[in-house]
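Tertiary structure, described
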Amino acid sequence: MVTFLHAADIHLDSPLRNLATREGAPVELIRNGCRRAFDNLVQLAVDEQVDFLLLAGDLYDGAWRDFNTGLFFIDRMRRLKEAGIRVFLISGNHDAASRITRTLRLPNNVVHFSSRRAETVELADLNVAIHGQSYGKRAVTANLAKDYPPPVEGMVNIGLLHTGLAGRDGHEPYAPCTATELAARGYDYWALGHVHRRETVGQDPWIVFPGNLQGRHIRETGPRGAMLVRVDSGVIASVEFQELDVVRWQLLRLDCRQIDSLDRLLDDVRAALEEAVSKADGRPLMLRLELHGPCPMHRELLRDARYLQSELDGLAIDIGDLWLEQVGFHTRPLREIGAEEGEGSSLQALLSSVDDATDLLNSPELLALEKRLPGELFWDGPFVPEDEEERRRLLREVRDMVLAAILPGDQP
């Protein structure tokens, strides 16, 4: 029996983006999350007595600020060496040769594949051949897989590749290839990296994205970890996901159509938050709460958003092991007010101007402003939504904010 771990996209010492701007944010908890998750990976390797560990790119998040990042990695590799565990790694777009300007000598139990060409390492004692190639530069647009060596006859063949395949939402299409091309290489297991969402692309052969080891923001929700793979008699016998994250991220959408008072809102939110915490497996939970649907309190929610944010933050503190990363007020009024209401009045002109603001979202002036704004504002997406429906939703929310400020309740 041969056992190995497949992990990817560790992003050691990844910098915080929008978290540090919030008062009371658990900055240190998140900042050290990638290291602590990597420690969990090392501990799992030792506990399971795996034969080797595969790291499929983006071990680092870019050039080190100092040598501590590299020293941390070397120390953990030393621990694996003492346990008799070998490590095979490739560099991806974030830790490509051109991105990491300083390196340290790695322990001799670690093989770092070259960026010049695909290589093969044969493990005769395990009857396993590992094929891999690192990135030499960040943007690799060539199909690396087509030049990977042929499988070694009579061995279990594993391909180590950092790729977006034919394209995955939210990821650059680096080292593009298809699952069909990978299968045609004749390998038994493709250990992929780059895509942060866990996905088993195929099982004949196994083509697997383990996802990243630790979620770092609200677009990386749910359990994160690595794949534990067992090989029996030259055949992949099992591929099991292992949760290794230390902080959990979640997006929670709450339907507010029955919310008719502040007490009801707080009661419903508390129940939803407590349920979310119970499902986080004892991990601290970073949660984005979004309030949706037609709501009797719609305009009150918008008018008192800052006060309600504080009330909800207080709820999270009271529950414990929970931090509200953001609260989104996306409810709608029970009755829409049309631009024709109050015909001839300033209200009609105001509503019409908001409804006709689509051209403003495409204006050169707004695009020029977007270029001058700091990049961290766009971590959740572009300043001006690219999707037309999302633009209409944005305009509706602006319209409702205006109405909430000038009208009492839901009455025109």
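Here we summarise the structure given alongside this text. Note that the coordinates shown come from a computational prediction; the quantities given were computed from them, not determined experimentally.

In terms of regular secondary structure, the chain is built from 11 helices and 15 strands. Here the chain holds 412 residues, and the buried ones make up 49% of them. The contacts in the chain between residues at least 6 apart in sequence include a share of 71% that link residues at least 24 apart.

A few words now on the packing of aromatic side chains. Under the criterion given, the structure shown has 8 aromatic pairs. Ring centres 6.2 Å apart and planes at 55 degrees place the aromatic pair F38 and F72 in the tilted group. You can see F38 sitting in helix α2 (residues 33-48) and its partner F72 sitting in helix α3 (residues 68-82), a full 34 residues away along the chain. The buried category is assigned to F38, whose relative accessible area is 0%. Overall, F72 belongs to the buried group, its relative accessible area being 7%. Measuring from centroid to centroid gives 5.9 Å for F52 and F88, while their planes differ by 85 degrees, and the two rings are edge-to-face.

What follows is about helix α5 (residues 262-278). Its 17 residues place the ends of α5 24 Å apart at the C-alpha level, agreeing with the 24 Å of an ideal helix rising 1.5 Å per residue. Every buried residue of α5 is listed here: L265, L266, V269, A272, L273 and A276. Taken down its axis, α5 places every buried residue within 135 degrees of arc, on the same side. The outward face of α5, more than 90 degrees from its buried face, is lined by the exposed residues D263, D267 and S278.

A few words now on the side chain of R224. Examined against the element boundaries, R224 turns out to sit in the loop between β10 (206-209) and β11 (225-232). No salt bridge forms around the buried R224; measuring N to O, its nearest opposite-charge neighbour E220 is 5.3 Å away. At 2.4 Å, the side chain of R224 and the backbone oxygen of H196 are in polar contact. In contact with R224, other than residues within four places in its own chain, are H196, R197, N212, L213, Q214, G215, F241, Q242, E243, L244 and D245.

Rules of the game
Residues numbered from 1 in each chain as written. Predicted model: local features only at pLDDT ≥ 70, side-chain atom pairs only at ≥ 80, totals over all residues. Heavy atoms only, no water. Helix = DSSP H or I, 4+ residues; strand = E, 2+ residues; numbered from the N terminus. Buried < 20%, exposed > 50% of the residue type's maximum accessible area, 1.4 Å probe, protein only. Contact = heavy atoms within 4.5 Å. Phe/Tyr/Trp six-rings, centres within 6.5 Å; stacked < 30°, edge-to-face > 60°. Expected span 1.5 Å × (residues − 1). Arc of directions from axis to C-beta. Lys, Arg positive; Asp, Glu negative; His and termini not counted. Salt bridge = Lys/Arg side-chain N within 4 Å of Asp/Glu carboxyl O. Polar contact = N/O pair within 3.5 Å; in protein donor to acceptor, adjacent residues only side chain to side chain.

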